[in-house]
Structure formats: C-alpha cells, structure tokens
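Residues per chain, in single letters:
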Amino acid sequence: GAGVSQTPSNKVTEKGKYVELRCDPISGHTALYWYRQSLGQGPEFLIYFQGTGAADDSGLPNDRFFAVRPEGSVSTLKIQRTERGDSAVYLCASSFGVPDEQFFGPGTRLTVL
Amino acid sequence: DQQVKQNSPSLSVQEGRISILNCDYTNSMFDYFLWYKKYPAEGPTFLISISSIKDKNEDGRFTVFLNKSAKHLSLHIVPSQPGDSAVYFCAASAGSGNTPLVFGKGTRLSVIA
C-alpha cells in the first residue's frame, strides 16, 4: 500500500508550547524509528520501537521529548516546552524483513519561534 | 564525534560521466552500510546497501564498494544522469536486523547536462 506518512508536513509553534507529530508506518512493518535532521546535517536517531515498546530511546535529547506507539502501528512524537533549538525536520521510518532497509516518510518541518 | 563522515559537501559531474561519492566510518562494530538519496522536501529514499561480508554490491548504474581495512566505502554512479542530482547520505548500523542507522552529513551531487 502507501508509504510512510507523517502529519503535519509543517508545524510552526511558539517557544514553550507543546507539539505532537504523527507517523503512520507502512502496514505490517514492526519496527518504527524517529530521526531528527537539522540544517546541513544528516538524520540523527531519536528513538526506535519494536512493536509497541521502545527498544532504544538513547537518542532522545532530554526529557522534554517522548514518543508512544500504543497499538504497534501509528506513533506520536511529543515535545513539551519547545525551544528554538528544537527546530528541525523530524523524520519517521519503518522497516520489516530486510535488515536495516528503512523506509522514510517525507518528514515534519518544525519551526519554533 | 562523528562516526560516519562524508567529507565532500558537494560534487559536480557532467552527464554521462562517473560520479564517485565517498564515506568513511570510525566504528569497527558497523557491519551493514547503506546509501540513501534525498530530494528537497522528501524523505530519504533507500538506494543500495552492502554487508560487511562483501566488498562490492552492484545494482544497475549504482555500485557500492567497501574497504573494511580502511573503514571506507564509496558509491559509484555510471553513467550519471541529471535526475541523479540530489543529496546522498551514507549510513551504517552495528547489527543486521532492525537497528538505528548512523548517518553522515550528506554530499550534494549535481549532474550537469
């Protein structure tokens, strides 16, 4: 079916606000990843889910960042008390079967004013 | 410290010629390497991969070479086409299966007609 989708495509918010970013993985993919890409950088790992549980959250920069995947499909990345340094493109990827061939969504561009 | 390095931020090549994109890594635990291609406002798209048990993998116009002793890999595109113009990311992982990827900063390839 369809590829990985992410909503919204763009989000502008004010410093201190709370935001939620959504990812719909490819149907049947068990693994889901969140990455963050800042200007001029490659994607940087944030958190990885295998099914419903976070298998590795070592990339989350601090406790303002949290992600859930309650039913093992859709995932939401939540950022509290946003800061200007959180501005970046947040990418979601999913995978199943082929080792490490992750399929990426188009990303959500977050701008914190 | 960057574990995956792409030291050339940009590369220009004439249509029909060979494009060679380079990537170096420092983590000897990496055993799977991938190249992704990214167009503006889109997520990275998987291009080609190579396992550490191989030194070459070919797929049409794209060939990836791995030199484990030098911790170096390269992507060859031949012949280069204008549609190949994009940012190319080298990525690596430390375990086959579903594991987070470590990306380089990318190289912007421009193929001139």
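Description of the structure in this document. (Residues numbered from 1 in each chain as written. Chains lettered and ligands numbered in written order. Predicted model: local features only at pLDDT ≥ 70, side-chain atom pairs only at ≥ 80, totals over all residues. Heavy atoms only, no water.)

What to know about the overall build of chain B
No. 1: Helix and strand counts for chain B stand at zero helices and eleven strands.
No. 2: Mapped from its N terminus to its C terminus, chain B presents α and β elements in the order β-β-β-β-β-β-β-β-β-β-β.
No. 3: The globule rule puts the C-alpha radius of gyration for 113 residues at 13 Å, and the 13 Å found for chain B is close to it.
No. 4: Seen through its C-alpha atoms, chain B measures out along the principal axes to roughly 40 × 30 × 25 Å.
No. 5: Of all 113 residues assigned to chain B, the portion counted as buried reaches 45%.
No. 6: Look at the contacts in chain B between residues 6 or more apart in sequence, and 54% of them connect residues 24 or more apart.
No. 7: Accessible area of chain B: about 5,400 Å², with a carbon and sulfur share of 49%.
No. 8: Positive and negative side-chain charges in chain B, numbering 11 and 9 respectively, have mean positions lying 3 Å apart. (Helix = DSSP H or I, 4+ residues; strand = E, 2+ residues; numbered from the N terminus. Rg over C-alpha atoms; globule rule 2.2 N^0.38 Å. Buried < 20%, exposed > 50% of the residue type's maximum accessible area, 1.4 Å probe, protein only. Contact = heavy atoms within 4.5 Å. Areas by Shrake-Rupley, 256 points an atom, 1.4 Å probe, with all protein chains shown as cover. Lys, Arg positive; Asp, Glu negative; His and termini not counted. Charge placed at Lys NZ, Arg CZ, Asp CG, Glu CD.)

Section: the sheet that holds strand β7 (residues 62–67) of chain B
No. 1: Spatially, the five strands line up as an open sheet ordered β1-β3-β8-β7-β6 (chain B), and their pairing is antiparallel. Single-partner strands in this sheet number two, and they are β1 (4–5) and β6 (56–59) of chain B. (Pairing = 2+ DSSP bridges.)

Some details on the state of the cysteines
No. 1: Summed over all chains, the structure comprises two disulfides over all chains.
No. 2: In this model cysteine 23 of chain A forms its disulfide with cysteine 92 of chain A; the gap between the sulfur atoms is 1.8 Å. Taking the sign of the torsion about the S-S bond as the criterion, the disulfide between cysteine 23 of chain A and cysteine 92 of chain A, at about -65°, is left-handed. Of this pair, cysteine 23 of chain A sits in strand β3 (residues 19–24) while cysteine 92 of chain A sits in strand β9 (residues 88–95), and the two are 69 residues apart along the sequence. The same class applies to cysteine 23 of chain A as to cysteine 92 of chain A, namely buried.
No. 3: There is a disulfide in this structure between cysteine 23 of chain B and cysteine 90 of chain B, and the S-S distance comes to 2.0 Å. With the S-S bond torsion at -75°, the cross-link from cysteine 23 of chain B to cysteine 90 of chain B turns out left-handed. One end of the pair, cysteine 23 of chain B, is in strand β3 (residues 19–25); the other, cysteine 90 of chain B, is in strand β9 (residues 86–93), with 67 residues separating them in the sequence. (Disulfide = S-S within 2.5 Å.)

Comments concerning the pairing of strand β8 (residues 72–77) of chain B
Residue and element names in this part refer to chain B.
No. 1: The buried fraction of β8 amounts to five of the six residues, a majority that puts the element mostly inside the structure.
No. 2: Across six bridges, the pairing between β3 and β8 is antiparallel. Counted as the bridge partner of aspartate 24 is histidine 72 from β8.
No. 3: When β7 meets β8, the two strands line up antiparallel, connected through six bridges. Opposite phenylalanine 65, over in β8, you have serine 74 as the bridge partner.
No. 4: Between the end of β7 and the start of β8, which pair antiparallel, lie four residues, with lysine 71 showing a positive phi angle near 50°.

What to know about the packing of aromatic side chains
No. 1: Across all of its chains, the model carries twelve aromatic pairs over all chains by this definition.
No. 2: Arranged with centres 6.2 Å apart and planes meeting at 70°, the rings of tyrosine 35 of chain A and phenylalanine 45 of chain A form a pair that is edge-to-face. Here the residue tyrosine 35 of chain A occupies a position in strand β4 (residues 31–37), and phenylalanine 45 of chain A occupies one in strand β5 (residues 44–50), the gap between them amounting to ten residues.
No. 3: According to the relative accessible area criterion, tyrosine 35 of chain A is buried, its value standing at 0%.
No. 4: Relative to phenylalanine 33 of chain B, the ring of tyrosine 25 of chain B has its centre 4.7 Å away and its plane inclined at 40°; by these criteria the two rings are tilted. One exposure class covers both tyrosine 25 of chain B and phenylalanine 33 of chain B, and it is buried. (Phe/Tyr/Trp six-rings, centres within 6.5 Å; stacked < 30°, edge-to-face > 60°.)

Observations concerning the side chain of aspartate 86 of chain A
Residue and element names in this part refer to chain A.
No. 1: Among the secondary structure elements, aspartate 86 is positioned in the loop between β8 (75–79) and β9.
No. 2: Overall, aspartate 86 belongs to the buried group, its relative accessible area being 3%.
No. 3: Here the side chain of aspartate 86 touches arginine 64 through a polar contact of 2.8 Å, side chain to side chain.
No. 4: A distance of 2.8 Å separates the side chain of aspartate 86 from the backbone nitrogen of glutamate 83, its partner in a polar contact.
No. 5: Non-local contacts of aspartate 86, meaning those with residues more than four positions away in its chain, are made with Arg36, Arg64, Phe65, Ile79, Leu110 and Val112. (Polar contact = N/O pair within 3.5 Å; in protein donor to acceptor, adjacent residues only side chain to side chain.)

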